[in-house]
Structures are given as structure tokens and as C-alpha cells.
Amino acid sequence: MFYEPSKNNHGLSRNPFKSCTVPRCIGWISTKNEDGSDNIAPYSQFTNLTFDPPLVIFSANQNVFKDRKTTIKNAERTGEFIYNMVPYDLRDQMNLTSSIEVPEGMDKFEYAGLTKVPGNLVNVMRVGESPIQYECKYLQTIRIQANSNIATVDVIVGEVIGIHIDDDVITDGKVDIPKIKPLARLGYFDYTVVEKSFEIPAPRVSPEKQAFVDVGLEGKAEQKVD
């Protein structure tokens, strides 16, 4: 089949677009609210942008009230945020933090029963139960107008200035992804989980070019290549 998104002429009962770019890592983003309370919410449009310096990017559409998301406002105002990895064991807590109807006077950490742990370099709480967290410095917002009011999107770029990794998920000097079982978003209301991995060595090139290949693929930002 072929269809044009602007015409929405796919002929299916549900729009397939978000099911064709998968799996998408869930950016569980924690920030500090204006009143000093703590906020956390999941965003399924999140990824690394580059590795030198390490940058991440996530986007958020306007909410159902046609207002910008609290996470976006907080990141811009404070200049910082934290990404928390979502393992399979925290799937229910992650889902709770997506709610737009949290009881008055209760922040989303408390609402979802999450343990607050202060960041080392930023004034933001991280999820104590999460195996990996990035402390991030806000860099910029790219705002893209949409065809409809609710779809207008804010794209946040942040620099990773600190990384927490639970020692229990490190095996033979590498982060053990199958042990973590990170959650990822598919389309519709569907999710998946990473339970296995395999290695594919990159094609070998001439020795003078191999160093550039290794730096790029492994993200060896500390290595200088002439």
C-alpha cells in the first residue's frame, strides 16, 4: 500500500504512522515545577542526538488544553532535566505518570509511588528504581507549528552532563540491556521490551580509517582521531 499522510488515505481503521518508526525509547523526563514540587512524565519521541558532546532530544505535542506541556516549561525555565530509563518492572508506574489528572497537592513521583533521589549536578529528582539516568542541561527548544492546534510540537535539545548506571546492570564491562529489559513504545497503545541483543561487527576498512569507524560506532568521545 501507499498513502499520503496529508490526505490520511491509508484506508485502515487506525493511523499506521507511529507503528512504522519503532521501537521508540521512552524518555521518562523529570523536572522541577515552578512551585518547587517535582514532576515526571513519559515521552515516546526521545533519542540520542550525538555523542561528542553527548546530546539527547525529545519532543512533546501540546496537551489537550492546547497548552505547552509542563515538562517543556520546566526545562526552559530551570535549564535542566533528567532522563530516567524505564525497565519493564516500572511499566505501571510509568503509565501512571502520563496521567493529566493527578490529585491536588500530590506530585507525580508520589502519585506513582516512586523513590526520589537528588541529582548530583542538577536540582531535579531522579527515579531511584530506574537503572540508568541522565542529568541534562537544557540547550534549546525548536517549536514546529502543526496543521492542528494540539499537534504543535516543542523539540527539546539537552546536553548530558552526568550519567548514573546501577552497578547491577553492568556485565563484563558493558551495560546489560537484556537484564534491564527496557520498555519501548510501538504504535497505538502497544509497547515492547528488549529481552535479547546480538552483535554485528562493522565491515572492516583500511587501518588508517578504522579508527574513525570505531570512534563513531562506539561513541568514544574521549578519543582523539587525527
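Attention here is on the structure that accompanies the text. (Residues numbered from 1 in each chain as written. Predicted model: local features only at pLDDT ≥ 70, side-chain atom pairs only at ≥ 80, totals over all residues. Heavy atoms only, no water.)

The strands that make up a sheet pair up through hydrogen bonds in the backbone, lying either parallel or antiparallel. A sheet is described by the order of its strands in space; here three strands give the open sequence E1-E13-E14, paired in antiparallel fashion. Strands at the two margins of the open sheet, each flanked by one partner only, are strand E1 (24-25) and strand E14 (191-193). Bridging between strand E13 (residues 183-185) and E14 involves three bridges; their strand directions are antiparallel. From the neighbouring strand, Arg185 faces E14, where its bridge partner is Tyr191. (Pairing = 2+ DSSP bridges. Helix = DSSP H or I, 4+ residues; strand = E, 2+ residues; numbered from the N terminus.)

Right, let's talk about the nonpolar core for a bit. Within the largest apolar cluster, 20 residues are counted, with the highest numbers of intra-cluster contacts made by Ile29, Val56, Phe58, Phe81 and Tyr134. Of all the secondary-structure elements, those providing two or more residues to this core are strand E3 (38-43), strand E5 (54-61), helix H1 (70-78), strand E6 (80-84), strand E9 (132-144) and strand E10 (153-165). Looking at which element gives the most residues to this core, the answer is E9, with four residues. Counting residues in hydrophobic clusters, the runner-up holds 11 residues, among them Trp28, Met94, Ala112 and Leu114. (Core = buried A, V, L, I, M, F, W, Y, C linked by side-chain atoms within 4.5 Å. Buried < 20%, exposed > 50% of the residue type's maximum accessible area, 1.4 Å probe, protein only.)

The next subject is unusual backbone geometry. Residue Pro23 is reached from Val22 by a cis peptide bond, and omega for that bond is -10 degrees. The omega torsion of the bond from Asp52 to Pro53 falls at 0 degrees, within 30 degrees of zero and hence cis. Counting through the fold element by element, Pro53 comes out in the loop between strand E4 (46-51) and E5. Backbone geometry places Lys181, a non-glycine residue, at a positive phi of 55 degrees. Tracing the backbone through its elements, the reader meets Lys181 in the loop between helix H4 (177-180) and E13. Phi is positive for Tyr188, close to 55 degrees, though the residue is something other than glycine. Tracing the backbone through its elements, the reader meets Tyr188 in the loop between E13 and E14.

Glancing now at the sheet that holds strand E2 (residues 27-32). Across the sheet, seven strands lie side by side as E3-E2-E6-E9-E10-E5-E4; this open sheet has antiparallel pairing. Edge positions in the sheet fall to E3 and E4, since each of these pairs with one other strand and no more. Pairs of neighbouring strands in the sheet enclose a mean axial angle of 35 degrees, with direction left out of account. Two strands pair when backbone bridges link them, and E9 and E10 are joined in this way by 12 bridges, in the antiparallel orientation. Bridging across to E10, Tyr134 finds its partner in Ile163. H1 rests against E2, E3, E5, E6, E9 and E10 of the sheet, and its axis sits at about 55 degrees to E2. (Axes fitted to C-alpha atoms, helices over the stretch in contact; angles between N-to-C directions. Contact = heavy atoms within 4.5 Å.)

Sheet topology note: the E4/E5 ladder contains five bridges and is antiparallel. Residue Thr50 lies in a different strand from E5, and its bridge partner there is Leu55. Connecting the antiparallel pair E4 and E5 is a turn made up of two residues.

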